[in-house]
Amino acid sequence: MRIGDLATRTRVSVRALRYYEEQGLLVSTRSDSGQRLYGNAAVDRVRLIQQLYGAGLSSKTIAELLPCVDAQVSTPESRARLAAERDRINAQIAELTSARDRLDDIIDVTSGPNPQCDYV
């Protein structure tokens, strides 16, 4: 599939896909006319990259971990790195959960009418 088709299927910009290639996260072949071509597996790869970015991993970290993902093996170092990333994400989840709980408390405490808080 061409780069525009991959962008459409993954809801990722063409510019981002080119960046993934520059960073070694995604691989394409070229047509005779020089257009980038991707296999169907690129859809899952882009979705994985997006998930890892969304989890806060850098492109450098993703590039270092993808070979282990591709080979379905890991080293003690890569497992430790993944565990550290998981722990970081868990800490963020805990912080967000705490913030949500505080907001719920504020909503509960301030749910009564107060003329000083009317925004109308």
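Figured I'd write up the structure that's included with this text. Note that the structure is a prediction, hence the values are computed from the model and not measured. The residue numbering used here restarts from 1 in each chain and proceeds along that chain's sequence as written. Two thresholds apply to this predicted model, a pLDDT of at least 70 for residue-level local features and 80 or more for giving and counting side-chain atom pairs, whereas whole-chain, interface and lining totals are computed over all residues. For the side-chain quantities, the full set of heavy atoms in the structure was used; hydrogens and water were omitted.

Examining the nonpolar core
What we call a nonpolar core is a set of buried Ala, Val, Leu, Ile, Met, Phe, Trp, Tyr and Cys residues that are connected through their side-chain atoms within 4.5 Å. Each residue's exposure class comes from its accessible area (1.4 Å probe, protein chains only) as a fraction of the maximum for that residue type: buried when under 20%, exposed when over 50%, partly exposed otherwise. Membership of the largest hydrophobic core comes to 19 residues, with the highest contact counts inside it found for Leu6, Leu17, Tyr20, Leu26 and Val46. Strands are runs of DSSP state E lasting at least two residues, helices are runs of H or I lasting at least four, and both sets are numbered from the N terminus onward. Secondary structure elements with two or more residues in this core: helix 1 (3-10), helix 2 (14-22), helix 3 (41-54) and helix 4 (59-71). Per-element accounting of this core gives the leading share, four residues, to helix 3. By definition in these notes, contact holds between two residues if any of their heavy atoms fall within 4.5 Å. In contact with valine 46, not counting residues within four places along its chain, are Leu6, Thr10, Val12, Leu17, Tyr20 and Leu26.

Here we look at the side chain of glutamate 21
Within the secondary structure, glutamate 21 sits in helix 2. Only 2.5 Å separates the side chain of glutamate 21 from the side chain of tyrosine 38, close enough to count as a polar contact. Excluding anything up to four places from it in sequence, glutamate 21 contacts Leu26, Ser28, Arg36 and Tyr38. Any pair of nitrogen or oxygen atoms within 3.5 Å is treated as a polar contact; in protein, a donor-acceptor pairing is required on top of that, and neighbouring residues in sequence qualify only through side-chain atoms on both sides.

Observations concerning a nonpolar patch on the surface
Patches were defined on residues exceeding 30% relative accessible area and lacking a salt bridge, with like-charge contacts within 9 Å and nonpolar side-chain contacts (Val, Leu, Ile, Met, Phe, Trp, Tyr) within 5 Å. Per-residue and other accessible areas were derived by the Shrake-Rupley procedure at a 1.4 Å probe size, with only the shown protein chains allowed to occlude residues. Put simply, a salt bridge is a Lys or Arg side-chain nitrogen that is within 4 Å of an Asp or Glu carboxyl oxygen. A grouping of Leu103, Ile106 and Ile107 is seen on the molecular surface, where their side chains present a nonpolar patch of about 300 Å² in accessible area. Position of leucine 103 among the secondary structure elements: in helix 5 (residues 76-109).

A short note on the packing of helix 2 against helix 3
Between N-to-C directions, angles span 0 to 180 degrees; the directions come from axes that are lines fitted to C-alpha atoms, helices contributing only their stretch in contact. The N-to-C vectors of helix 2 and helix 3 enclose an angle of 90 degrees; their axes lie 12 Å apart at closest approach. Put simply, helix 2 runs roughly perpendicular to helix 3. Each of Leu17, Tyr19 and Tyr20 in helix 2 lies in contact with helix 3, whose residues at this interface are Val46, Ile49, Gln50 and Tyr53. For the contact of helix 2 with helix 3, the residue count by class is six nonpolar, one polar and no charged. With respect to orientation, any angle under 35 degrees is reported as roughly parallel, any angle over 145 as roughly antiparallel, any angle of 65 to 115 as roughly perpendicular, and every other angle as oblique. Gly falls in the polar group here, along with every residue not listed as nonpolar (Ala, Val, Leu, Ile, Met, Phe, Trp, Tyr, Cys, Pro) or charged (Asp, Glu, Lys, Arg).

Comments concerning helix 2
Looking at helix 2, one finds that the buried residues are Ala16, Leu17, Tyr20 and Glu21. The buried side chains of helix 2 occupy one side of the element, clustering within an arc of 145 degrees when seen end-on. When the buried face of helix 2 is taken as reference, the exposed residues oriented beyond 90 degrees from it are Arg15 and Glu22. Buried-residue contacts for helix 2 involve helix 1, strand 2 (36-37) and helix 3. Two residues or fewer after helix 2 comes glycine 24, characterised by a positive phi angle close to 80 degrees. By definition, the arc is the one covered by directions from the helix axis to the C-beta atoms.

From the geometry alone we can't say anything about function, so treat these as descriptive.
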